[in-house]
Amino acid sequence: ETVVIDQSGTASEAAKALAESSGGRISYLFIERKSLPNARNVGAQAATSDILIFIDDDVELAPEFVAAHVARFNDASLDAVAGRITGGYDNGPTDAKIVGAICPITGTVTRNFHVTFAVDAIEQLPGGNFSVRTKIYRELGGFDPDTFGGPASIGEETDFACRLRRAGHHVETPEKGVL
């Protein structure tokens with residue numbers, strides 16, 4: 001299933017028509033509040049699957065994208081997957097040794113989600129490409145739309161990742177750069 005949350009200011013008739021013609025595979029929801037964490041929460045509430053995959057509207061997906069995310073959850077100990085982000089998001093070396101880290105003293109985030117090797121037990125999630133078990137997402141209360149809920153939201157994925165890790169959940173990157 002695909003849930004599209006539109007917070008653009010005006011509902012898209014074309015997107016509504018596409019959803020209506022999809023045979024239930026696509027849901028389109030227009031919301032007036034411009035807030036990425038709120039939009040993510042609305043989408044998660046509408047979803048019926050056991051795994052939630054969050055992407056941004058400017059992400060280009062490979063044909064095997066969804067299957068690759070879902071396949072990682074065959075490992076019962078895995079609770080979330082931090083997917084790859086390339087382009088302007090990260091500009092470090094492709095063999096960066098630190099991926100998805102948070103400095104507890106300064107709060108500085110090191111992303112490097114463009115690397116092409118698997119990393120175990122990371123601390124951070126890339127907001128534009130990650131997945132999590134729906135049950136865990138709901139247990140944690142989703143994203144905090146009040147603290148991180150402005151139109152230019154930033155930090156909501158770091159907050160969610162910190163709560164996820166603090167609750168003892170396991171986060172990894174995908175194997176061999178598939179996602």
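Throughout, residues of each chain are indexed from 1 in the direction in which the sequence is written. Reporting in this predicted model follows two pLDDT cut-offs: at least 70 for local features of residues, and 80 or more for side-chain atom pairs to be given and counted; totals over whole chains, interfaces and linings ignore these cut-offs and use all residues. The basis for the side-chain values is all heavy atoms of the structure; hydrogens and waters are excluded.

### Let's talk about the overall build of the protein
A tally of helices and strands in the protein yields five helices and eight strands. Reading the protein from its N terminus to its C terminus gives the helix and strand order β-α-β-α-β-α-β-β-β-β-α-α-β. Relative to its full complement of 179 residues, the protein shows a buried share of 42%. Whether two residues touch is decided by their heavy atoms; if any such pair falls within 4.5 Å, the residues are in contact. For the protein, restricting intrachain contacts to residue pairs at least 6 apart in sequence, the fraction spanning at least 24 positions comes to 68%. Note on areas: Shrake-Rupley, 1.4 Å probe, and residue coverage restricted to the protein chains presented here. Carbon and sulfur atoms provide 53% of the accessible area of the protein, an area that totals close to 9600 Å². Going along the chain from the N terminus, every DSSP run of H or I of four or more residues is numbered as a helix, and every run of E of two or more is numbered as a strand. Burial here depends on accessible area, computed with a 1.4 Å probe over protein chains only, as a share of the maximum for the residue type. Under 20% is buried, over 50% is exposed, and the range in between is partly exposed.

### With respect to the nonpolar core
By size, the foremost hydrophobic cluster in this structure holds 18 residues, and its most contacted members are Phe54, Leu125, Val132, Tyr137, Phe160 and Leu164. Those elements that provide at least two residues to this core are strand 3 (51–55), strand 4 (80–82), strand 7 (129–133), helix 4 (134–139) and helix 5 (156–166). Of the residues forming this core, the biggest block, three residues, is contributed by helix 5. Setting aside its immediate chain neighbours within four residues, Val132 contacts Asp50, Ile51, Leu52, Phe54, Phe73, Asp79, Ala80, Tyr137, Phe160 and Leu164. Definition used in this section: a nonpolar core is a set of buried Ala, Val, Leu, Ile, Met, Phe, Trp, Tyr and Cys residues joined via side-chain atoms within 4.5 Å.

### Some words on the packing of aromatic side chains
By convention, a stacked pair of Phe, Tyr or Trp rings (six-membered ring in the case of Trp) has centres within 6.5 Å and planes under 30 degrees apart, an edge-to-face pair has planes over 60 apart, and any other such pair is tilted. Under the criterion given, the structure shown has eight aromatic pairs. Plain terms: the ring middles of Phe54 and Phe130 are 4.9 Å apart, the flat faces sit at 25° to each other, and that makes the pair stacked. One end of the pair, Phe54, is in strand 3; the other, Phe130, is in strand 7, and 76 residues separate them in sequence. Arranged with centres 5.5 Å apart and planes meeting at 35°, the rings of Phe54 and Tyr137 form a pair that is tilted. Of this pair, Phe54 sits in strand 3 while Tyr137 is found in helix 4, placing the two residues 83 residues apart along the sequence. By relative accessible area, Tyr137 is classed as buried at 2%. Among the aromatic residues, those joined into a cluster by ring pairs are Phe54, Phe130, Tyr137, Phe143 and Phe160.

### A word on the pairing of strand 2 (residues 26–30)
In this description, strands pair whenever DSSP reports at least two bridges between them. With five bridges joining them, strand 1 (residues 2–6) and strand 2 adopt parallel strand pairing. The partner of Val3 across the bridge, within strand 2, is Ser27. This β-α-β element, strand 1 to helix 1 (residues 13–20) to strand 2, shows right-handed connectivity. When the strands point away from the viewer and the path from the first strand over the helix to the second turns clockwise, the crossover is right-handed.

### Concerning helix 2 (residues 36–46)
Looking only at helix 2, the buried set comprises Pro37, Asn38, Ala39, Arg40, Asn41, Gly43 and Ala44. Here the buried face of helix 2 lies against strand 1, strand 3, strand 7, helix 4 and helix 5.

### Looking at the sheet that holds strand 8 (residues 171–172)
Overall, mixed pairing links the four strands, which are arranged 3-7-4-8 in an open sheet. Both edges of this open sheet fall to strand 3 and strand 8, since each of them pairs with a single strand only. Pairing between strand 4 and strand 8: two bridges, direction parallel. Note on strand 8: the bridge partner recorded for Ala80 is Val171.

### Digging into the pattern of salt bridges
A side chain with one charge may pair with a side chain of the opposite charge, provided their charged atoms come close. For salt bridges, the criterion is a side-chain nitrogen of Lys or Arg within 4 Å of an Asp or Glu carboxyl oxygen. All chains considered together, the criterion is met by five salt bridges. Its salt-bridge partner being Arg133, residue Asp79 comes within 4.0 Å of it at the nearest N-O pair. Here Asp79 is found in the loop between helix 3 (65–72) and strand 4, whereas its partner Arg133 is found in strand 7, with 54 residues between them in sequence. An identical accessibility class is assigned to Asp79 and Arg133; each is buried. The salt bridge partner of Asp159 is Arg163, with a shortest N-O separation of 3.1 Å. With a gap of four residues between them, Asp159 and Arg163 both fall in helix 5, about one helical turn apart. Judged by its relative accessible area of 18%, Arg163 falls in the buried class. Look at the salt bridges and you will find they share partners, linking Arg40, Asp56 and Glu156 into a network.

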